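What follows is each chain in one-letter form.
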Amino acid sequence: MGRRPGGRVTFRAIADEAGVSIATVSRVVNGSTRVSEGTQRAVREAAQRLGSGFARTRGGAPPVLVYCPYALTDYFGTIVTSVVETLALHGRRALVLAGESAQDDTSALLALPEQQGIAGAVLVLPPGSTHDLEVLHGRRYPLVVVDPRAELPETVASVSAAHAAGARRVTRHLLGLGHRRIGFIGGPGDWLASRNRLVGHTAALGESGLLPDPALLAAITEPTTHEGHTAARLLLSRDPRPTALVAFNDKTAAGAIRAAREAGLTVPGDLSVTGFDDSELGQSITPALTTVRQPLEEMGRMAVSLLVRLVAGHAVDTLHVELATPLVVRDSTAPPSAACRV
């Protein structure tokens, strides 16, 4: 208890141990004078009991920019929280530039080398082309990209989930259950993760001697429940219809399950549905979702680990890190019904 996978102590665990709020722990880590000496001592003693020896950041190492031009909910919020907490454990503050309005603020990124007092940057799924990243890297600015949207130059550090391997794993699971008509709801076309997951899905089909059927492929522009619902309705209108759907993420899978029910189908009796992320949504919907786990917290921790080495000028053996994406089998998948087997 109190530790995440990988042995890192979280702010929440320290707060629970000390009997204070997470905000109070954050203030202590960042050296705020708004916390009494007694509370500071209680927080530090709690951290020590849990095995965390974090350092005070006030007056210490320069802060790091954390750029995430999206709303900080579920997926993005988990990554950013992990980055911020891990920076604090390294004795550094985070300057967070987040929200969709930040998508147009590329000038802030290009101006980073001129800004005194910012050590480097962690960029989460930065939109647009890689030109700005190439410019920053060419000026030897320390940066790490988390889950890059586009293919990066070999010399730009990045951390991502093993998207192709995860998609291959979940499609092989469905094939192993006996499914042969498997619909695929792909992600936004300009996302590297979308292309890699299609590669993994196609590879799994090929291993079973199947060719991808264009009629069983649908694309979305945003990974939302609404778009998952729309894409699933399209795929379920095919004749014959698919017996299983592989959705881009847990949200689109939830939309697909709703579309199945509206069509009078049961999940997984008439239709198996899978997701990707292993989010709270996937765990709480009925039936609980078979999905692929993205190691979001570990991605944040690994990004900070790489950045700290780059800032210090240390050699980094592996600039592109892919973290494992295990399959989590729950209740939304089953063998196809006898009437649907082909």
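It should be emphasised that the depicted structure is a prediction, and the values quoted were computed from it without experimental measurement.

## Describing the pattern of salt bridges
According to the stated counting rule, one finds 10 salt bridges in the structure shown. Between R181 and D213 there is a salt bridge, with the nearest N and O atoms lying 3.9 Å from each other. Remark: D213 occurs in the loop between helix 8 (192-207) and strand 7 (217-219) and R181 occurs in the loop between helix 7 (163-177) and strand 6 (182-186); sequence separation between them is 32 residues. Looking at R181, the relative accessible area reads 16%, which means it is buried.

## Quick look at the packing of helix 7 against helix 8
One can describe the packing of helix 7 onto helix 8 by two numbers: an axis separation of 7 Å at closest approach and a directional angle of 35°. The interaxial crossing formed by helix 7 with helix 8 has right-handed handedness. Every residue of helix 8 that contacts helix 7 at H163, A164, A167, R168, T171, R172 and L175 is listed here: A193, N196, R197, G200, H201, A204, L205 and E207. Here the residues of the contact of helix 7 with helix 8 sort into six nonpolar, five polar and four charged.

## A short note on the sheet that holds strand 11 (residues 320-323)
In space, the six strands of this open sheet follow the order 2-1-3-4-5-11, with parallel pairing throughout. The sheet is open, and its two edges are formed by strand 2 (94-98) and strand 11, each paired on a single side. Taking each pair of neighbouring strands and ignoring which way they run, the sheet shows an average axis angle of 15°. Where strand 1 (residues 64-68) and strand 3 (residues 120-124) come together, four bridges link them in parallel fashion. Pairing of L65 across the sheet is with A121, part of strand 3. Contacting strand 1, strand 2, strand 3 and strand 4 (143-146), helix 4 (residues 74-89) runs over the sheet at an angle of about 175° to strand 1.

## As for the packing of aromatic side chains
Here the structure, examined in full by the defined rule, presents three aromatic pairs. Pairing Y70 with F76 gives two aromatic rings, centres 4.4 Å apart and planes at 10°, and the pair type is stacked. Y70 gets classed as buried once you look at its relative accessible area, which sits at 8%. Aromatic pair W191 and F248: ring centres 6.1 Å apart, planes at 65°, arrangement edge-to-face. One end of the pair, W191, is in the loop between strand 6 and helix 8; the other, F248, is in the loop between strand 8 (244-246) and helix 10 (250-262), with 57 residues separating them in the sequence. The two residues W191 and F248 agree in class, both being buried. In this structure an aromatic cluster arises from ring pairing among Y70, Y75 and F76. Taking NZ or CZ as reference, R197 lies 4.2 Å from the ring centre of F248, over its face. Over the face of the ring belonging to F276 we find R197, whose NZ or CZ atom lies 3.7 Å from the ring centre.

Quick notes on the rules
- Residues numbered from 1 in each chain as written.
- Predicted model: local features only at pLDDT ≥ 70, side-chain atom pairs only at ≥ 80, totals over all residues.
- Heavy atoms only, no water.
- Salt bridge = Lys/Arg side-chain N within 4 Å of Asp/Glu carboxyl O.
- Helix = DSSP H or I, 4+ residues; strand = E, 2+ residues; numbered from the N terminus.
- Buried < 20%, exposed > 50% of the residue type's maximum accessible area, 1.4 Å probe, protein only.
- Axes fitted to C-alpha atoms, helices over the stretch in contact; angles between N-to-C directions.
- Left-handed = near helix turned anticlockwise from the far one by under 90°.
- Contact = heavy atoms within 4.5 Å.
- Nonpolar A, V, L, I, M, F, W, Y, C, P; charged D, E, K, R; others polar.
- Pairing = 2+ DSSP bridges.
- Phe/Tyr/Trp six-rings, centres within 6.5 Å; stacked < 30°, edge-to-face > 60°.
- Lys NZ or Arg CZ within 6 Å of the ring centre and 35° of its normal.

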